[in-house]
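# A closer look at the structure
Next come the chains, spelled out residue by residue.
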Amino acid sequence: MYIQIELQTRSKVDLLDITEKIQEAISKEAAKDGVCFLFCPHTTAGIVLNENWDPSVEKDIAMALEHMAPDGLNYRHSEGNSPAHVKSVLLGSDHFIMVQEGTLQLGQWQGVFFAEFDGPRRRKVWVRVLSMVDSE
Amino acid sequence: MYIQIELQTRSKVDLLDITEKIQEAISKEAAKDGVCFLFCPHTTAGIVLNENWDPSVEKDIAMALEHMAPDGLNYRHSEGNSPAHVKSVLLGSDHFIMVQEGTLQLGQWQGVFFAEFDGPRRRKVWVRVLSMVDSE
Amino acid sequence: MYIQIELQTRSKVDLLDITEKIQEAISKEAAKDGVCFLFCPHTTAGIVLNENWDPSVEKDIAMALEHMAPDGLNYRHSEGNSPAHVKSVLLGSDHFIMVQEGTLQLGQWQGVFFAEFDGPRRRKVWVRVLSMVDSE
């Protein structure tokens, strides 16, 4: 069974650092060595792994995505949030991180963000840590 | 061993909803609780998770990808399908979905699409559902 | 425990074919049937699955990413490598490939690249092959 993390995003576009929330969630798990799977069950948001040290980086990522999928394209979807769907697709809804001794294995500058593109809203992330039968 | 799903795409660019085909495939598996891994063994197509309710969304995604990787860039690859390779890379070839009680765990509006960018063609998707030794 | 592969990228932007290095790494593993997880612990590089037959394809991918996230956008991050962060995000840091009888299961034209966007540098890729309790 997966763990559900609940989030409140703060603005229309919002990269929310969820690294600690995920670490907390997996700390309660018996499984200490394996892979942590993260899933975003929304279609106008996504999950992204990148630098969480300088907040300028997350702003630059959001700005560049806006450049790639601008509001002014000739979209058909009547709800007006097509750019949010496109950005969700570019980042992806499913990501994994390795786990050793109960700790997320990330690079020195790496964190996990929930990427909101149609907020502010209540959102969820599903987390599952799996211990597996591997080569040891 | 993975299950191979065979598909026929219908046009050069085609987002084909394969949610039910994947659900059918995993229903035959003994494994009922774990993670379903999906893999596209092609380099001019990909897999994408997003809204499968309003067909305008998939058209807007295809249109925005066309905006990002237009045919008119100065490509070197002589086959003329470089934009299809680029779009494949942007969506990704490998995605996973959690499974509970034999059922794909998707958000309310979420479906799985096979994204064709160099069709129409016969295509394949590889599916594997894994039950794992987890914390229970 | 994951295996760490060490790489030396050759230029600022560099798509390095690491298919054989990964195959070598997993050949030493006892696990012969499952899923191979690949993780890039860097925030200005990524991993990409695509054609490794015609080298023009990797050059076209790099060129199209440059078109999408050009150097000239109004970035805030003071290190000047924001386009590299954006490209890392577009490709993703985490990818998986299925494994059968100790062999990576790739499509006919598919290979795995380490994608450098802020090199040349020493880089790492983490690899873990997992055998799992599945339906057999």
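In short, a report on the structure. Predicted model only: the values in this text are computed from it and were never measured. (Residues numbered from 1 in each chain as written. Chains lettered and ligands numbered in written order. Predicted model: local features only at pLDDT ≥ 70, side-chain atom pairs only at ≥ 80, totals over all residues. Heavy atoms only, no water.)

Attention now goes to the interface of chain A and chain B. The interface is formed by 39 residues belonging to chain A together with 39 residues belonging to chain B. For chain A, the biggest contributors to the area lost against chain B are Phe39(A), Val89(A) and Arg128(A); these three give 19% of the whole. At the boundary of chain A with chain B, the tally comes to one salt bridge. Two residues, Arg128(A) and Asp33(B), come together in a salt bridge whose shortest N-O distance is 3.1 Å. Counting every contact that joins chain A to chain B gives 13 residue pairs in polar contact (both at pLDDT 80 or more). For the side of chain A that touches chain B, the secondary-structure elements that each account for two or more residues are β3 (34–39), α2 (55–68), α3 (82–91), β5 (94–100) and β8 (122–131) of chain A. Residue classes in the side of chain A that touches chain B are distributed as 23 nonpolar, twelve polar and four charged. (Contact = heavy atoms within 4.5 Å. Buried area = accessible area lost by both parts, 1.4 Å probe. Salt bridge = Lys/Arg side-chain N within 4 Å of Asp/Glu carboxyl O. Polar contact = N/O pair within 3.5 Å; in protein donor to acceptor, adjacent residues only side chain to side chain. Helix = DSSP H or I, 4+ residues; strand = E, 2+ residues; numbered from the N terminus. Nonpolar A, V, L, I, M, F, W, Y, C, P; charged D, E, K, R; others polar.)

Turning our eyes to something else, we now look at the interface of chain C and chain A. Each partner contributes to the interface: chain C provides 39 residues, whereas chain A provides 39 residues. Counting across the chain C and chain A interface gives 13 residue pairs in polar contact (both at pLDDT 80 or more). Breaking the side of chain C that touches chain A down by element, the ones donating at least two residues are β3 (34–39), α2 (55–68), α3 (82–91), β5 (94–100) and β8 (122–131) of chain C. A class-by-class count of the residues in the side of chain C that touches chain A yields 23 nonpolar, twelve polar and four charged.

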